[in-house]
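Coordinate inspection notes
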2 protein chains.
Amino acid sequence: MVPKLDVPSLLGHLNLFAQLDEKSLARLAERSQQVRVPRHAFVFHRGDPASGLYVVAVGRVKLSIPAANGQEKVIEFFGSGQAFGEAMMFIEQPYMVQAQALEDCLLLWVSKQDVLAVIDRQPAFARSLLTGMAARLHTLMQDIEMVSLHSASQRLIHYLLNLPCESGLLTLPVNKNVVASKLGLTPETLSRLLHQFSDAGIITVRGRKVTLHSRDALQAREASPMTH
Amino acid sequence: MVPKLDVPSLLGHLNLFAQLDEKSLARLAERSQQVRVPRHAFVFHRGDPASGLYVVAVGRVKLSIPAANGQEKVIEFFGSGQAFGEAMMFIEQPYMVQAQALEDCLLLWVSKQDVLAVIDRQPAFARSLLTGMAARLHTLMQDIEMVSLHSASQRLIHYLLNLPCESGLLTLPVNKNVVASKLGLTPETLSRLLHQFSDAGIITVRGRKVTLHSRDALQAREASPMTH
DNA sequence: CGCGTGCTTGATTGGTCTCAACCTTTGTGG
DNA sequence: CCACAAAGGTTGAGACCAATCAAGCACGCG
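About the cut-offs
Residues numbered from 1 in each chain as written. Chains lettered and ligands numbered in written order. Predicted model: local features only at pLDDT ≥ 70, side-chain atom pairs only at ≥ 80, totals over all residues. Heavy atoms only, no water. Contact = heavy atoms within 4.5 Å. Buried area = accessible area lost by both parts, 1.4 Å probe. Salt bridge = Lys/Arg side-chain N within 4 Å of Asp/Glu carboxyl O. Polar contact = N/O pair within 3.5 Å; in protein donor to acceptor, adjacent residues only side chain to side chain. Helix = DSSP H or I, 4+ residues; strand = E, 2+ residues; numbered from the N terminus. Nonpolar A, V, L, I, M, F, W, Y, C, P; charged D, E, K, R; others polar. Pairing = 2+ DSSP bridges.

Under an unreviewed UniProt entry, the name given to chain A is Crp/Fnr family transcriptional regulator, and the organism recorded is Leeia aquatica.

This part covers the interface of chain A and chain B. You'll often see interface size given as the accessible area lost when the parts meet. The interface of chain A with chain B comprises 38 residues on the first partner and 38 residues on the second. Taking both sides of the interface into account, the surface hidden between chain A and chain B amounts to around 3,700 Å²; carbon and sulfur atoms contribute 81%. One can count four salt bridges joining chain A with chain B. Put simply, chain A and chain B have four residue pairs in polar contact (both at pLDDT 80 or more) between them. Elements with a contribution of two residues or more to the side of chain A that touches chain B: strand S4 (61–66), strand S5 (72–78), helix H3 (112–121) and helix H4 (123–149) of chain A. If you tally residues by element for the side of chain A that touches chain B, the top one is H4 of chain A, at 21 residues. Tallied by class, residues from the side of chain A that touches chain B come to 26 nonpolar, five polar and seven charged.

With that out of the way, let us pick up the sheet that holds strand S8 (residues 105–111) of chain B. Residues and elements named next belong to chain B. Ordered by their spatial adjacency, four strands build an open sheet running S1-S8-S3-S6, and the pairing between neighbours is antiparallel. Strand pairing shows two members of the sheet lacking a second neighbour, strand S1 (33–37) and strand S6 (83–84), which therefore form its edges. Here S1 runs beside S8; their pairing, made up of five bridges, is antiparallel. Paired with Gln33 across the two strands is Trp109, which belongs to S8.

Here's what the structure looks like:
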């Protein structure tokens, strides 16, 4: 029933593990555990101890900070081939975020102990980890800049302009409620802003599909706080 | 004229370099460069290439994101014995923050090349780096939580309660303008909030000295958004 | 078909910023 | 040592952005 999974090959193709020799890879794969997480279920909650890292084999995961009255602030999404939860292994602190499956997921879990062992044997792996964490630090600082220094419309524009886009046509990766949370907005504000840009003829919105008619016009609005 | 500095001993006492053997330490110390930075001068600007890391020998440094019209969002402070700028070495991107001396500083600079060399030779050093970056990630996420999920007064209270404090008496580490920026507030709002708590009898403020009369009362205000 | 979830729209509120003036402290040069 | 400037901090009035509250709409799924 369980689909056969070539774990060593799967891991070996990730940036994080690409530098590993076959032996270490095989050992890591063998000691890893497969975890199935149905849509909407939690991988871990805030406050859980962090005793390893996760790799997404199939599906997508949402990392967020829980807030009062069932609200949350979305931090990041992880898709196939991405690893998460590596950082908290290194400090003796429980997770301050929660991870929730956006779709039915198959994850691999590698224990802290196994990761540390590989670090000690393969410096290149340590570098991969460092590179990954540095990248995450960078995006987090961008998020802080966004939320501290830019207005709602500037945040939305920046977000749209940095989404994967083919000839002006893009698709929101998640539903608008979640996009709003990621941008630090209420769903109402997001809806109004999209309509504003739509009315101005800069974009067209149909469901999650957005067409950018003029990246320049968007960038212009990002630069100046905007009159009207 | 230049005061004699025992660089190997200085580095060896830092968490980051504590695990290094004498030889590596000596080599790193020897290849490091001393940098003097007068008060208010910049160590680096946003956009500068990141080609190494800094260690604070003497003085304090402020990391911030520059904004339009001379404003800035303060990210963090670094004092004697702390290292900064390690993260950006690992990704091929220029600094997105600027570093400015809060006081006359003496810094040590270690090149990216030298750091990578030590990583490859000493796994324990890689672990130290990972631990440090993980800790920074953690505090950055706390900052995001603060600024996205909590009100101005909640942020101030949290900040006060987490400052080093001896029997209710604490001192702001920097002037109020900078504290305000760190908290994502205007100086005006910070001033008003301090007065509010002062009027409520919870704290006393004299310059940078703050006396907390009741941590419990503060915590109570942090929990509930507050009526009046 | 009916219900729930996601999304939109309108009216209103309110927390925080902005602008402007003034006060206080610090530091500096005559 | 005083005078003055500059920086840091406070206070008030007002505006504004985005949140909240409250309905209502549209779509998809059982």
